[in-house]
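So you can see what is in the structure, the chains are spelled out below.
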Amino acid sequence: MPLHVSPAPAPALRSVLAALGSPTAVREARTPALRSVQGPLSPELPLPVHVLEQITPSSDAPQTRLAGWRFLIRSGERAVAAADTMLTPDGWAFSRFFEGPYISATERALRQAETVKAPYQPRLLSVPGLYMLTLWLHQDVESDASVGAPAPADLLIPLAPAPPGIAAHRPHRVADLLPTMGLRLTSALSAPPATASTSAPAPLLTTG
């Protein structure tokens, strides 16, 4: 069933279009694919990026906040990069271009979501404590995509690469996956500092 993709705030879209039209912004982006593309580029499939801020193993009311809107940048039939926007005191503004595994993983998860029989509103849910990004399929397709928390019957599709022990690209009900994420976050917080790796990836919102 087709997904109910919510329109991004108009200023957010305008900021991305302006960045795409700026040779300086494209040239300085750390995205070789974006710099090497010949032909027009277009921002498509806007998705609100929500960050999971608080969760416990028994929590059924996770707390989230909107971090920005993300656009896939297409060249022809494929996405070559993505663009993030953020809310500033002056309104929505372009943040950065990036590329990497989450681009193709997002496209794959969206294709998976289109095969689900029920209608959903697609969002992205970032779990920085687990270095995890998921496609969040919200059941209330008429709701404001910039607010709200995952409902128990919503679906989460972890994007690859996913944390160890959590299967990427396998849809999970929030009620089923939330306790697992809560346990893992609790374990991560209680681990002694010596177990932290200096080579661990940065939180998702800084790496894409």
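That block above? That's the structure.
Residues numbered from 1 in each chain as written. Predicted model: local features only at pLDDT ≥ 70, side-chain atom pairs only at ≥ 80, totals over all residues. Heavy atoms only, no water.

Asker: Which parts of the structure should I look at to understand the nonpolar core?
Answerer: Nonpolar side chains in soluble globular proteins generally cluster together in the buried interior. Within the largest apolar cluster, 18 residues are counted, with the highest numbers of intra-cluster contacts made by V16, L34, W69, F71, I73 and F97. Mapped onto this core, the elements with two or more residues apiece are α1 (10-20), β2 (63-75), β3 (78-88) and β4 (91-98). With four residues, the single largest contributor to this core is α1. In this structure, V16 is in contact with P43, F71, I73, A83, T85 and F94, ignoring residues within four places of it in sequence. Grouped together as the second largest cluster of nonpolar side chains are 17 residues, A113, V116, Y120 and L135 included. (Core = buried A, V, L, I, M, F, W, Y, C linked by side-chain atoms within 4.5 Å. Buried < 20%, exposed > 50% of the residue type's maximum accessible area, 1.4 Å probe, protein only. Helix = DSSP H or I, 4+ residues; strand = E, 2+ residues; numbered from the N terminus. Contact = heavy atoms within 4.5 Å.)

Asker: Just to check I follow, could you spell out the sheet that holds strand β5 (residues 121-127) for this structure?
Answerer: Sheet strands pair by backbone hydrogen bonding; their relative direction is either parallel or antiparallel. The strand order across the open sheet formed by eight strands is β4-β3-β2-β1-β5-β6-β7-β8, and the pairing between neighbours is mixed. The open sheet has two free edges, formed respectively by β4 and β8 (172-173), since each of these has just one partner strand. Bridging between β2 and β3 involves seven bridges; their strand directions are antiparallel. Bridging from a neighbouring strand, R70 pairs with D84 of β3. This element, α1, spans β1 (42-54), β2, β3 and β4 of the sheet and lies at about 45 degrees to β4. (Pairing = 2+ DSSP bridges. Axes fitted to C-alpha atoms, helices over the stretch in contact; angles between N-to-C directions.)

Asker: Even after reading the chapter, I still don't get the pairing of β2, so can you show me in this structure?
Answerer: Along any regular strand, the residues point their side chains to alternate faces of the sheet. Examined bridge by bridge, β1 and β2 share 10 bridges and lie antiparallel to one another. Bridge pairing in β2 places V51 opposite R65. Turn length for the β2-β3 hairpin, with the two strands adjacent in sequence and antiparallel, is two residues, and the turn residue G76 shows positive phi of about 70 degrees.

Asker: Looking at this structure, how should I read the packing of aromatic side chains?
Answerer: Between two aromatic rings, the relevant description is the distance of the centres plus the angle of the planes. Enumeration according to the criterion identifies one aromatic pair in this entry. Plain terms: the ring middles of F94 and F97 are 4.6 Å apart, the flat faces sit at 50 degrees to each other, and that makes the pair tilted. Judged by relative accessible area, which is 24%, F94 ranks as partly exposed. Between the NZ or CZ atom of R123 and the centre of the ring of W136, over which it lies, the distance is 4.6 Å. (Phe/Tyr/Trp six-rings, centres within 6.5 Å; stacked < 30°, edge-to-face > 60°. Lys NZ or Arg CZ within 6 Å of the ring centre and 35° of its normal.)

Asker: Teacher, can you tell me more about unusual backbone geometry here?
Answerer: Note on backbone geometry: most residues besides glycine have negative phi, and most peptide bonds are trans. For the bond running from A160 to P161, omega is 5 degrees, close enough to zero to count as cis. Although it is not a glycine, Y131 sits at a positive phi angle of roughly 50 degrees. Within the element layout of this structure, Y131 appears in the loop between β5 and β6 (132-138). Of note, H169 is a non-glycine position whose phi angle comes to about 60 degrees, a positive value. Mapped onto the secondary structure, H169 falls in the loop between β7 (155-158) and β8. For H169, a relative accessible area of 9% corresponds to the buried category.

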